[in-house]
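# Observations on the three-dimensional arrangement
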Amino acid sequence: MPLDGEYEPSPTKWVRDQVELYENSGGTEGTTLMNTGLPVILLTTRGARSGKIRKTPLMRVEHDGRYAAVASLGGRPSTRSGTTTSRATPMWSSRTAR
């Protein structure tokens, strides 16, 4: 079920650019994480504090037919700000290229 509301683009340029490319192409471009070849899903959430719609590309990993979405900040030891949102507002939707 899609989330409705005011969309607030990411303050991070590469995230904004990738979401825009993915959406403007109908999901045919911007389908890999920063041109790494690793497939992504586009996760849509509602901001925990702002209540605005946020869109974030997350790495999609497949193993034995099961999928996981990975938000790792490139393997950094810190927690993504989106983790707070996911815990506070657990409703989300995702899209993936086919």
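Data block above holds the structure.
The sections below set out a description of the structure shown in this document. Within each chain, residues carry numbers counting from 1 in the order of the written sequence. Local features are withheld for residues below a pLDDT of 70 in this predicted model, meaning they are given only at 70 or higher, and side-chain atom pairs are given and counted only at 80 or more; totals for whole chains, interfaces and linings count all residues. Computation of side-chain values covers all heavy atoms of the structure but excludes hydrogens and water.

## A short note on the environment of glutamate 8
- Helix and strand definitions follow DSSP, with helices as H or I runs of at least four residues and strands as E runs of at least two, each counted in order from the N terminus. As for its position among the elements, glutamate 8 is in the segment before helix 1 (13-24).
- Polar contacts here mean pairs of N or O atoms no more than 3.5 Å apart (in protein, one a potential hydrogen donor and the other a potential acceptor; neighbouring residues in sequence count only if both atoms are side-chain atoms). At a separation of 3.1 Å, a polar atom in the side chain of glutamate 8 contacts the side chain of lysine 52.

## Describing unusual backbone geometry
- Positive phi is not limited to glycine here, since aspartate 64 has a value of about 55 degrees.
- In this fold, aspartate 64 is placed in the loop between strand 2 (53-63) and strand 3 (66-70).
- Take aspartate 64: its relative accessible area is 68%, and that puts it in the exposed class. In this scheme, a residue with accessible area under 20% of its type's maximum is buried, one over 50% is exposed, and one in between is partly exposed, where area comes from a 1.4 Å probe on protein chains only.

## What about helix 1?
- What a helix is expected to span follows from its residue count: subtract one and scale by 1.5 Å. With 12 residues, helix 1 ought to run about 16 Å at 1.5 Å a step, and its terminal C-alpha atoms sit 16 Å apart, in line with that.
- When we look at burial in helix 1, the residues that qualify are Val15, Gln18, Val19 and Tyr22. With its buried residues spanning 100 degrees around the axis, helix 1 presents them on a single face. Counted as exposed and oriented over 90 degrees from the buried face of helix 1: Lys13 and Asn24.
- Positive phi appears at glycine 26, one or two residues downstream of helix 1, with a value of about 70 degrees. Each direction from the helix axis to a C-beta atom contributes to the arc, which is the arc of those directions.

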